[in-house]
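# A look at the structure
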Amino acid sequence: MRRLETTLSGIFLGTLGSAFVAASAFAEGTGADGSADGFPDPAAGWDHLWKEVLTDITVIGVVFMIAALYMLIKFRAKSPDQVGGGRKLTAAQAVAWALIPASLFMADDFFLAANGWTQWNVQRRVPANAMEIKVTGQQWYWSFEYPDGTETDQLVVPIGQPIVLRMSSDDVIHSFGMPAYRVTEDVMPGRITYIWFNPDKPMDTVVTCREFCGMNHSVMYTKVRAVPQKDYEAWLKKQAAAG
């Protein structure tokens, strides 16, 4: 009984230690949002979290594989007359073998979940200085209205400037998806939804509709360009003049 109590105490302390390690790592991880220019970068944060998930899955897989191979070799049958068998464990050892690994993996899962919640909060908290662009989804194209009233069918934004998109639909439900910036949000009639992103480098990409919205759903995409500020101003001036 005393051995069992000692083992359970060890499990508790181990779990507590794991939770502490996870909490410490989480506290360090909250800064991993890719904020290189003073603004958080949700896309970089999601990429960082995804790499952590892949790393964890790989480490756990390798640990289990090594443990399985070790036990297969260690406790194998050594002659045709034998049956392979493992070492007989005491009750305390059996409990420890079950709970200690489970506690460690749960602490790791909590760490990843906490990082996911942090990234989600970053994704939903629009920077105060974000430039607002109105987006309207229609069967089967997107239209964009800039702060000066200019309307276009392409999304062109200046780099180094957080962009918030206020979106609605004139007909059916659409979904505004930009994989390059790791953002997707539904666009619905009678309701305004939003997403924001931080274009930190020149890039040409696309936005597609990610919700089946009718016969020509597959052609509902358009260009997204992130350009230097002076190029953005020249482009917007040209679009406004073309009117």
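Higher on the page you've got the structure.
Residues numbered from 1 in each chain as written. Predicted model: local features only at pLDDT ≥ 70, side-chain atom pairs only at ≥ 80, totals over all residues. Heavy atoms only, no water.

### Some points on the side chain of Glu-185
- In this fold, Glu-185 is placed in strand β7 (residues 183-187).
- Among the polar contacts listed, one links the side chain of Glu-185 to the side chain of Arg-124, at a separation of 3.4 Å.
- Once residues lying within four places of it in the same chain are set aside, the contact partners of Glu-185 are Arg-124, Met-167, Ser-175, Phe-176, Thr-193, Tyr-194 and Ile-195. (Helix = DSSP H or I, 4+ residues; strand = E, 2+ residues; numbered from the N terminus. Polar contact = N/O pair within 3.5 Å; in protein donor to acceptor, adjacent residues only side chain to side chain. Contact = heavy atoms within 4.5 Å.)

### Examining the state of the cysteines
- Under the definition given, this model contains zero disulfides.
- The cysteine Cys-209 is free of any disulfide, with Cys-213 supplying the nearest cysteine sulfur at 3.8 Å. (Disulfide = S-S within 2.5 Å.)

### Digging into the pattern of salt bridges
- In the structure shown here, the tally under the stated rule is four salt bridges.
- The partner of Asp-47 in a salt bridge is Arg-182, and the shortest N-O contact between them spans 2.8 Å. With Asp-47 in helix α2 (residues 42-74) and Arg-182 in the loop between β6 (174-178) and β7, this pair connects stretches of sequence that are 135 residues apart.
- In this structure Asp-47 comes out as partly exposed when scored by relative accessible area, which is 29%.
- For Arg-182, a relative accessible area of 40% corresponds to the partly exposed category.
- Between Asp-204 and Arg-225 there is a salt bridge, with the nearest N and O atoms lying 3.9 Å from each other. (Salt bridge = Lys/Arg side-chain N within 4 Å of Asp/Glu carboxyl O. Buried < 20%, exposed > 50% of the residue type's maximum accessible area, 1.4 Å probe, protein only.)

### What to know about the packing of α2 against helix α3 (residues 91-124)
- In contact at an axis separation of 10 Å, α2 and α3 are set at 170° when each is read in the N-to-C sense. Taken as axis vectors, α2 and α3 run roughly antiparallel relative to one another. Residues Pro-42, Gly-45, Trp-46, Leu-49, Glu-52, Val-53, Asp-56, Ile-60 and Phe-64 of α2 lie in contact with α3, whose contacting residues are Phe-105, Asp-108, Phe-111, Leu-112, Asn-115, Gly-116, Gln-119, Trp-120, Val-122 and Gln-123.
- The residue inventory of the contact of α2 with α3, partitioned by class, reads eleven nonpolar, five polar and three charged. (Axes fitted to C-alpha atoms, helices over the stretch in contact; angles between N-to-C directions. Parallel < 35°, antiparallel > 145°, perpendicular 65-115°, else oblique. Nonpolar A, V, L, I, M, F, W, Y, C, P; charged D, E, K, R; others polar.)

### Description of the sheet that holds β7
- One open sheet accounts for five strands, arranged β4-β10-β9-β6-β7; its pairing is mixed. Unpaired on one side and paired on the other, β4 (155-158) and β7 mark the two borders of the sheet. Within this sheet the neighbouring strands show an average axis-to-axis angle of 20°, counted without direction.
- Where β6 lies against strand β9 (residues 203-209), two bridges are found, and the strand directions are antiparallel. Pairing of Phe-176 across the sheet is with Cys-209, part of β9. (Pairing = 2+ DSSP bridges.)

### Things to note about the environment of Trp-140
- Inspection of the secondary structure assignment puts Trp-140 in the loop between β1 (131-138) and β2 (141-145).
- You can call Trp-140 partly exposed: its relative accessible area is 26%.
- Residues Trp-140 and Asp-171, spaced 31 residues apart in sequence, show a C-alpha to C-alpha distance of 9.9 Å.
- Here Trp-140 is in contact with Cys-213, Gly-214, Met-215, Asn-216, His-217, Val-219 and Met-220, once residues within four sequence places are set aside.

### Some details on the packing of aromatic side chains
- Evaluated as defined, the whole model comprises six aromatic pairs.
- Taking 6.4 Å as the distance between ring centres and 80° as the angle between the ring planes, the aromatic pair formed by Phe-144 and Phe-176 counts as edge-to-face. In this pair, Phe-144 sits in strand β2 while Phe-176 sits in strand β6, placing the two residues 32 residues apart along the sequence.
- With a relative accessible area of 0%, Phe-144 lands in the buried category.
- With 4.6 Å between their ring centres and 40° between their planes, Tyr-181 and Phe-197 make a pair best called tilted. (Phe/Tyr/Trp six-rings, centres within 6.5 Å; stacked < 30°, edge-to-face > 60°.)

### Some words on the sheet that holds strand β3 (residues 151-152)
- Pairing is mixed in the open sheet, where five strands are placed in the order β3-β2-β1-β5-β8. Both outer strands of the open sheet, β3 and β8 (193-197), are each paired with one neighbouring strand and no more.
- Relative to strand β5 (residues 163-169), β1 runs parallel, the two sharing seven bridges. Across the sheet, the residue bridging to Glu-132 is Val-164, located in β5.

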